[in-house]
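The primary structure of each chain is shown beneath.
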Amino acid sequence: MRPFAYLSAPDVATAVRAVADDPGAKFLGGGTNLVDLMRTGIERPDTVVDITSLPLAEVEERPDGGVRIGALVRNGRLAAHPLIRARYPVLSQAVLAGASAQLRNMATVGGNLLQRTRCPYFYDRTAACNKREPGSGCDAIGGFNRSHAVLGVSGSCIAAHPSDMCVALAALDAVVEVESVRGVRRVPLASFHRPPGDTPHVETDLSPDELVTAVELPPSPIAANSRYRKVRDRASYAFALVSVAAALEVRDGAVTGVALALGGVATTPWRAREAERALLGAPATEESFRRAAEAELAPATGLPGNTFKIELARRAVTATLRRLLTEGSPA
Amino acid sequence: MVEVRLRVNGAEASLDLPPQVSLLDALRERLGLTGTKKGCDQGACGACTVLADGERINSCLALAVQYAGREITTIEGIAGDGPGHPLQRAFVRNDGLQCGYCTSGQICSALGMLAEHGAGMPSAVTEHLCADGLELSDEEIRERMSGNLCRCGAYNGIVDAIREFAAAEAER
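Residues numbered from 1 in each chain as written. Chains lettered and ligands numbered in written order. Predicted model: local features only at pLDDT ≥ 70, side-chain atom pairs only at ≥ 80, totals over all residues. Heavy atoms only, no water.

## Some thoughts on the overall build of chain A
When you go through chain A residue by residue, the secondary structure sums to 13 helices and twelve strands. Against the globule reference of 20 Å for 331 residues, chain A gives a C-alpha radius of gyration of 19 Å, in line with a compact fold. If one aligns the C-alpha atoms of chain A with their principal axes, the spans along those axes are about 60 × 50 × 35 Å. When each of the 331 residues of chain A is scored for burial, the buried share is 59%. When the accessible area of chain A is evaluated, it comes to approximately 12700 Å², of which 52% is carbon and sulfur surface. For chain A, the separation between the mean place of its 38 positive charges and that of its 35 negative charges on side chains is 5 Å. (Helix = DSSP H or I, 4+ residues; strand = E, 2+ residues; numbered from the N terminus. Rg over C-alpha atoms; globule rule 2.2 N^0.38 Å. Buried < 20%, exposed > 50% of the residue type's maximum accessible area, 1.4 Å probe, protein only. Areas by Shrake-Rupley, 256 points an atom, 1.4 Å probe, with all protein chains shown as cover. Lys, Arg positive; Asp, Glu negative; His and termini not counted. Charge placed at Lys NZ, Arg CZ, Asp CG, Glu CD.)

Structure, rendered in structure tokens:
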């Protein structure tokens, strides 16, 4: 690995100052993505600012009934936290569906938000990749694209967003708190990740010197009845081909509340607004679920390797909603 | 160079390391603790699994400097000087290995896994997230151990060994 200077930041002010003053510096959390990318030479920081000593590792209930998750809460702790299990089961399930237990013990919530794509052409430094090297092209578009996105794609990039956690956060209307030397601001998860467009190397709304300090979950009357379903090539420890985060409320046979987001199929954690619109007020039936899924996937564009995901996503959405209707919450 | 004070298997070691040295390389190359194996070196195989304050981690993705002051336990610490840890002996009895390269990681991971299960942590196959007294079924063992690959395919023996050890521990 390329040598770098190391600084362990004792407080947030020191951390954000250190990165603001040094354009070659990067924050280091659990290391499960950044250390790997540094070893392959895709990330090449001159200075690594270790933030794991910062006091940002608590999950706290807020007065409004929502929850504030510190950016350094480890993924495994988040999934196991009693408040998350009971009130936001979709988030527990999504986190548990990702990576391995070892990685979840290391990976932080902030790091998961900033996790980079697992597109094999992004990782292969001999391949053309506009995300890794702007302007170099995209070998995935004409290559092996079985794992790639069908929603939110551009002519520059079709890399799928890899996170499970973020899919649940998208469905839960999470808000990301970020801090820099300029102060604190809040970014809704829906605008945190950017679609690739012509600049696939710009992946989030953050400036390089902004530190994720927390994720806030607003109180949600429907989140207690929520589930995550992940479809993948192996039973465990694999990235999603398709995943669905869903929360559902049904009264007198009609859908009175719904939140839906998709993973594995899109370039960003994909809030399924079209499907939600189709579902609200509709009878809670298999037919409505299917029609909502079709509405969401209508703009999907597949390539020879990944067109199968479009029908797979329709079925996964339908099946997840059906299970929520018939079995209810996993909490 | 940074000075890194590691606590490994109950002993203190002070090392001068470049910050890019992984915990795995520090254990193997600097401390001579070669029981912990380097498989993929990218967090995909679990061969490098060790315990940090009792929690299982992939030591290949851990910078040694980030683990200063934490209590690191490797297979050498688990084995002790006698006939081996009961879980090691269960692996031998149940053919939980062929080549043995993944075994150190499997055993560290299994001990971490049993602690997580004992603390009531759910897994991706747990039906009811908030249920008490979660049974450690074979399905649960397989899911919870999915971060440790075995290229010899000794998975059936590994599950048998872990189940046998966990049952014996529950008896005690």
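So, next bit.
## With respect to the domain arrangement of chain B
Residues and elements named next belong to chain B. Each domain of chain B was delimited in the assignment, giving domain 1 (2-79) and domain 2 (86-171). Taking only C-alpha atoms into account, the centre of domain 1 sits 22 Å from that of domain 2. Counting from both sides, the interface comprises 18 residues of domain 1 and, opposite them, 16 residues of domain 2. On inspection of domain 1 and its partner domain 2, the count reaches one salt bridge. Our count for the contact surface shared by domain 1 and domain 2 stands at eight residue pairs in polar contact (both at pLDDT 80 or more). At the level of elements, strand 3 (49-52) and helix 2 (75-79) are the ones that each hand at least two residues to the side of domain 1 that touches domain 2. Looking at the side of domain 1 that touches domain 2 residue by residue, the classes come out as eight nonpolar, seven polar and three charged. (Domains from an automatic or database assignment. Contact = heavy atoms within 4.5 Å. Salt bridge = Lys/Arg side-chain N within 4 Å of Asp/Glu carboxyl O. Polar contact = N/O pair within 3.5 Å; in protein donor to acceptor, adjacent residues only side chain to side chain. Nonpolar A, V, L, I, M, F, W, Y, C, P; charged D, E, K, R; others polar.)

## Here we look at the interface of chain A and chain B
The interface is formed by 39 residues belonging to chain A together with 37 residues belonging to chain B. Summed over the three residues of chain A that lose the most area to chain B, namely R39(A), R85(A) and Q102(A), the buried surface amounts to 21% of that side. One can count three salt bridges joining chain A with chain B. Close ionic contact of R39(A) with D41(B) constitutes a salt bridge, the shortest N to O distance being 3.4 Å. If you look at where chain A meets chain B, you find 18 residue pairs in polar contact (both at pLDDT 80 or more). Those elements that provide at least two residues to the side of chain A that touches chain B are helix 2 (34-39), helix 3 (75-80), helix 4 (82-87), helix 5 (89-97), helix 6 (101-106) and helix 13 (308-327) of chain A. Its residues placed into classes, the side of chain A that touches chain B shows 19 nonpolar, twelve polar and eight charged. (Buried area = accessible area lost by both parts, 1.4 Å probe.)

## A look at the domain arrangement of chain A
The domain architecture assigned to chain A consists of domain 1 (5-52) and domain 2 (226-327). A straight line from the C-alpha centre of domain 1 of chain A to that of domain 2 of chain A covers 37 Å.

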